[in-house]
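# Descriptive analysis of the structure
Given next are the chains, with one letter for each unit.
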Amino acid sequence: MEFAIRTEHLTKIYASRLIAVNDMALEVPKGATFGLLGPNGAGKTTTFRLLLGLQRPTAGRAEVLGQTCGPNAVGVRRRIGYLPTNPKLPGNLRPTEYLDLLGQLYRLPHSVRKPRLASLLRAVGLLDATDQRIDTFSTGMSTRLGIAASLIADPPLLLWDEPTAGLDPAARRFTLDLIRQLGPGRTIVIATHILSDIDQICDHVGVMHEGRMVFCGSMHDMKRRLRCDDFHLDLDGPPEQIDRLARQTGELEGVEAQLRGSHTLVVRVAEKRGRAEALAEVLTLAAGADLSLQAIHSGRNDTENAYLQLLQEDIAHGFHRFDLAVRQPDDAVRGNPAP
Amino acid sequence: MPFVAILRHDLRGLWDSRLVRLWLVAALLLALVITAAHWGQTPTAILIAWLVAPFLVFPWFLVVMVLGINPVSGSRADSLADGLLSRPVARHEYLAATWLARVLVVLAVFLTSTLPPIVLVALAERPAATDTVAPYGVTAGLGVVALVLLLQVSLGFMFGTLLRRLLSAVVVLLFLWYPINYTLDFFRLEQFSPVSLCRAVPELAQRPWRERDDLPSGVTGDDFEELGQLFVRALTFQKPKPQPKPFFESDEFRDVSLWQVALGYGVPTLLAVALTAFCFSRRDL
């Protein structure tokens, strides 16, 4: 498998003795939409800054598209489109001037630069704001301009740090749709702590906690880690019918049913029973009871649970997290937390 | 292309800043006041010294140093990392472009506020114009002041990088530059002090291209030897050899050597820029 990003024992300790990134092994496959998850202060932004060469690692190394990262790795930065959290952009410029400046930094010829910046401003919905100075922009507008800036050179790798932070629902929806559209043919790494965003757009995920990569693998692997086998059925109909359905469901073999509120039925399937088969029987009963099914959620697909479980496991490991043996880079990829 | 792009961007940012605009207006007004006040009674060479004095002695060195500190310190460092240095720009390219932008702005303000009055007082028929200034001499005098300004920008750049915080850098520079005349006097390098240079400007302004045909032009071995001895004496705290006319006691300033001044200011400028580049290339953003 080819990797767009590969780090080995990457460590960053600040002068204030804060360990921001701790012996991190990260491998992002080429073409993946990778979600970098972690609570505030987990080291996500520092990881991005190390990859961009804005900071020097205390130990270890990082490679982006086969090139080593560092302050003078101009070639690496040429292939990265970076969107910082709430980007601080030159306030005295207008959007076209800023994008034009960035186009020059990427050494794009005039004939490519001008049409591209116009189409990017149109794509991010800032055409109406081209005569405004950037310091008059709202958070959402700055983020949109930051997105356009990260795409000006059409780079093969995008590093977006909390792209939906501070955005209203419409802007958030726009950003997530854009990520989906950009996905094919590009590697996208999104750092966030908003789990629903990751759930919607990412096919690979890495979970960071206290500077360490506690999980790195596919979304499928992460969700499989969940222990619970619940279905939540949101039903519409008379409460007495829903109550009767709950009783009938509870009588099925290997199935437990419990009402949560007046319209939600929680169905728990035992290990020995096939989930699909059990669910089919419950749905047949619901159809027979003349109840309307509003929504169905599966506990197995709950990314939030998986994420919280990983963090709890990492905390519970306590001193066992200290690893005397030199960890191999593929330890994290196999989807296992540190011992 | 990135170097030129950042240079243009920074020049524009500087021109848009209130500090530069206010400084330009204030420098023009001060030059106007000095010219008007000395019009009738001061000889041209001395009037030129009066016009450059605000840049050499007080108050404009403060503005020059703050301009030098600005690009790599304070809140600007964040937008710098987010906006520019996360793009394919080498750090030395950024430093070179922002340093050059500041040097160009400082020299532009200096020349805009001093050159027109100098040309005016040199060409106009004034009751006080008894001396003769030479174009070469005036150019040399302005060049000396430009060198001092270059060092001030570079010192600002260096301390802005080393100390990161704008206020700390300003305070340190104030404590360093304000007593510079006393410091240079203590190290027996008084001919390099801004006050001495200001007093030497009238003599420089009257100096022709070549005073005597038998004098060699350009830097000579004697200049290097003299400069070396000066620094050795300063560093070893030796007393200077007895001279027939000590530098400060002779108000004629005929022995001021342009090459010594150029090296005396040029070498520290280069060192400051080199140290800044070294620190900035190793710094986390």
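These remarks concern the structure in this document.

What counts as what
Residues numbered from 1 in each chain as written. Chains lettered and ligands numbered in written order. Predicted model: local features only at pLDDT ≥ 70, side-chain atom pairs only at ≥ 80, totals over all residues. Heavy atoms only, no water. Helix = DSSP H or I, 4+ residues; strand = E, 2+ residues; numbered from the N terminus. Contact = heavy atoms within 4.5 Å. Areas by Shrake-Rupley, 256 points an atom, 1.4 Å probe, with all protein chains shown as cover. Pairing = 2+ DSSP bridges. Axes fitted to C-alpha atoms, helices over the stretch in contact; angles between N-to-C directions. Salt bridge = Lys/Arg side-chain N within 4 Å of Asp/Glu carboxyl O. Buried < 20%, exposed > 50% of the residue type's maximum accessible area, 1.4 Å probe, protein only.

Attention now moves to the overall build of chain A. When its secondary structure is counted, chain A shows eleven helices and 15 strands. Long-range pairs, those at least 24 residues apart, make up 69% of the contacts in chain A between residues at least 6 apart in sequence. Entry remark: accessible area of chain A is about 15100 Å², with carbon and sulfur atoms responsible for 50%.

Turning to the sheet that holds strand E9 (residues 187-192) of chain A, a few remarks are in order. Residue and element names in this part refer to chain A. Here we have six strands laid out as an open sheet, ordered E7-E8-E9-E4-E10-E11, and mixed in their pairing. Since the sheet does not close on itself, it has two edges, and those belong to strand E7 (80-83) and strand E11 (212-218), each with one partner. Shown here is a sheet whose adjacent strand axes are inclined to one another by a mean of 15 degrees, direction ignored. In the sheet, strand E10 (residues 204-209) pairs with E11 via six bridges, with the strands oriented antiparallel. For Val-205, the partnering residue across the bridge sits in E11 and is Gly-217. This element, helix H1 (residues 44-52), spans strand E4 (33-37), E7, strand E8 (157-161), E9 and E10 of the sheet and lies at about 145 degrees to E8.

For the rest of this paragraph, the subject is unusual backbone geometry. Leaving glycine out, the prevailing phi sign among residues is negative, and the prevailing peptide bond configuration is trans. All names here are of chain A. Notably, Arg-107 is not glycine yet its phi reads approximately 60 degrees, a positive angle. Mapped onto the fold, Arg-107 is located in the loop between helix H3 (95-105) and helix H4 (110-123). The residue Glu-162 is not glycine, and still its phi comes out positive at about 45 degrees. Along the chain, Glu-162 turns up in the loop between E8 and helix H6 (169-182).

Residues and elements named next belong to chain A. A sheet is described by the order of its strands in space; here four strands give the open sequence E13-E14-E12-E15, paired in antiparallel fashion. One side of each edge strand has no neighbouring strand; the edge strands of this open sheet are strand E13 (255-260) and strand E15 (292-298). The mean angle between the axes of side-by-side strands here comes to 25 degrees, regardless of whether they run parallel or antiparallel. Bridge analysis of E13 against strand E14 (residues 264-269) gives six bridges, and the strand direction is antiparallel. Bridging across to E14, Glu-256 finds its partner in Arg-268.

On to the pattern of salt bridges, then. All names here are of chain A. Applying the stated criterion across every chain, the model contains 17 salt bridges over all chains. Of the charged contacts in the structure, one is a salt bridge between Arg-6 and Glu-8, with a shortest N-O distance of 3.9 Å. Owing to a relative accessible area of 27%, Glu-8 belongs among the partly exposed residues under this scheme. Asp-100 serves as the salt-bridge partner of Lys-114, at 3.4 Å between the closest nitrogen and oxygen. Of this pair, Lys-114 sits in helix H4 while Asp-100 is found in helix H3, placing the two residues 14 residues apart along the sequence. Using a relative accessible area of 36% as the deciding quantity, one classes Lys-114 as partly exposed.

Residues and elements named next belong to chain B. Locating Val-145 in the fold gives a position in helix H7 (residues 135-163). Using a relative accessible area of 1% as the deciding quantity, one classes Val-145 as buried. Distance from Val-145 to Ala-53, taken between C-alpha atoms, is 9.0 Å for residues 92 residues apart in sequence. Excluding residues that lie within four positions of it along the chain, Val-145 makes contacts with Val-52, Phe-55, Leu-56 and Phe-110.

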